[in-house]
Amino acid sequence: QPMTRILTVVGLVVVIHAAYSSIHFKELLKASGLEDQAVVPPPDAAMEAIAGFFITLLGVLLQAGELKPVRSSMAMSTMTFDRIHRTPDFDTFNHRGRAIHQRMQSLGLEK
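As a convention, each chain's residues are numbered from 1 in the sequence order in which they are written. With pLDDT at 70 or above as the cut-off, local features in this predicted model cover only qualifying residues; side-chain atom pairs require 80 or more to be listed or tallied, and sums for whole chains, interfaces and linings still use all residues. Side-chain metrics rest on all non-hydrogen atoms present in the structure, leaving aside hydrogens and water.

Enquirer: Residue-level account of the overall build of the protein chain, with values.
Expert: Scanning the protein chain for helices and strands turns up five helices and zero strands. Put simply, DSSP H or I for four residues or longer makes a helix, DSSP E for two residues or longer makes a strand, and each gets a number counted from the N terminus. In sequence order, the secondary structure elements of the protein chain are arranged as α-α-α-α-α. When burial is assessed residue by residue, the protein chain has 11% of its 111 residues classed as buried. A fraction of 66% describes how many contacts in the protein chain between residues 6 or more apart in sequence connect residues 24 or more apart. For the protein chain, the accessible area works out to roughly 10000 Å², and carbon and sulfur atoms hold 65% of it. Here the term buried applies to any residue with accessible area under 20% of the maximum for its type, exposed to any over 50%, and partly exposed to those in between, with areas from a 1.4 Å probe on protein chains only. Two residues qualify as a contact provided that any one of their heavy atoms is within 4.5 Å of a heavy atom in the partner residue. The Shrake-Rupley method, run with a 1.4 Å probe sphere, supplies the accessible areas, and residue values consider only the shown protein chains as cover.

Next comes the structure, spelled out in structure tokens:
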């Protein structure tokens, strides 16, 4: 595990260095008065950014651990349908029932 974290950090450092290199290149162009001629970053910074991206990607993918199969019939066989499809999206705790009840009590229509 520590090696994958080191790999991820190294990849991020490489990407940040590529960004810094591109900014430095742009500043050099501004200083020399040639800023209109170069629209793309230098090729070495672009290659460094791509390499850093893939190093970071490799580190993150190796950190992920073991993937579970898509069809996990063993794990799903012990769960009920309600437990699998239970989401709190449609739970309503603040509704107008309390306000209606208080209004009905104030009008004397309900005990």
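Enquirer: Could you give me a rundown of the packing of aromatic side chains, with the residues and numbers involved?
Expert: Geometry of aromatic contacts follows a simple scheme: Phe, Tyr and Trp rings, the Trp one being its six-membered ring, pair when their centres are within 6.5 Å, and the pair is stacked under 30 degrees between planes, edge-to-face over 60, tilted otherwise. Tallied over the entire structure, the rule returns one aromatic pair. Ring plane angle 70° and centroid distance 5.2 Å describe the contact between Phe53 and Phe54, whose orientation is recorded as edge-to-face. For Phe53, a relative accessible area of 48% translates into the label partly exposed. The class of Phe54 is partly exposed, set by a relative accessible area of 49%.

Enquirer: If you had to explain the confidence of the model for the protein chain to someone new, which residues and values would you point to?
Expert: Of all residues in the protein chain, 88% attain a pLDDT of 70 or more, and the chain-wide mean is 83. Residue-level confidence of the predictor, termed pLDDT, takes values from 0 up to 100. Within the protein chain, the lowest mean pLDDT, 67, falls on helix H3 (residues 73-77), and the highest, 94, falls on helix H2 (residues 43-63).

Enquirer: Would you mind going over the packing of helix H1 (residues 2-32) against H2 in detail, with residue names and values included?
Expert: Relative to each other, H1 and H2 sit at 160°, their axes nearing to 7 Å. With respect to H2, the axis of H1 lies roughly antiparallel. Considering how the two elements wind past one another, H1 and H2 form a crossing that is left-handed. Here H1 contributes Thr4, Arg5, Leu7, Thr8, Gly11, Leu12, Val14, Val15, His17, Ala18, Ser21 and Ser22 to the contact with H2, which in turn contributes Ala45, Glu48, Ala49, Gly52, Phe53, Ile55, Thr56, Leu58, Gly59, Val60, Leu62 and Gln63. Three residue categories are used. Nonpolar comprises Ala, Val, Leu, Ile, Met, Phe, Trp, Tyr, Cys and Pro, charged comprises Asp, Glu, Lys and Arg, and polar comprises the others, including Gly. Of the residues contributing to the contact of H1 with H2, the split by class is 12 nonpolar, 10 polar and two charged. In this description, a line fitted to the C-alpha atoms serves as the axis of each element, helices being fitted only across the stretch in contact, and the angle between N-to-C directions of two axes falls anywhere from 0 to 180 degrees. Under this scheme an angle from 65 to 115 degrees is roughly perpendicular, one under 35 degrees roughly parallel, and one over 145 degrees roughly antiparallel; angles in between are oblique. Put simply, a crossing is left-handed when the front helix is turned counterclockwise from the back one by less than a right angle, and right-handed when it is turned clockwise.

Enquirer: Requested: an account of the side chain of Thr4, with residues and values cited.
Expert: Counting through the fold element by element, Thr4 comes out in helix H1. Classification of Thr4 as buried rests on a relative accessible area of 11%. Beyond its immediate chain neighbours, meaning those up to four positions away, Thr4 contacts Gly59, Leu62 and Gln63.

Enquirer: Just give me the short version of a nonpolar patch on the surface, but keep the residues and values in it.
Expert: Together, Val15, Met47, Ile50, Phe53, Phe54, Leu57 and Leu61 line one region of the surface with nonpolar side chains, adding up to about 690 Å² of accessible area. By the secondary structure assignment, Phe54 is in helix H2. Patch membership requires more than 30% relative accessible area and the absence of a salt bridge. Residues of like charge join within 9 Å; the nonpolar side chains Val, Leu, Ile, Met, Phe, Trp and Tyr join within 5 Å. Only one rule defines a salt bridge in this text: a Lys or Arg side-chain nitrogen within 4 Å of an Asp or Glu carboxyl oxygen.

Enquirer: Outline the environment of Ala19, listing residues and values.
Expert: As for its placement among the helices and strands, Ala19 is situated in helix H1. Note on Ala19: relative accessible area 39%, which makes it partly exposed. Linking Ala19 and Ala46, residues 27 residues apart in sequence, is a C-alpha distance of 8.9 Å.

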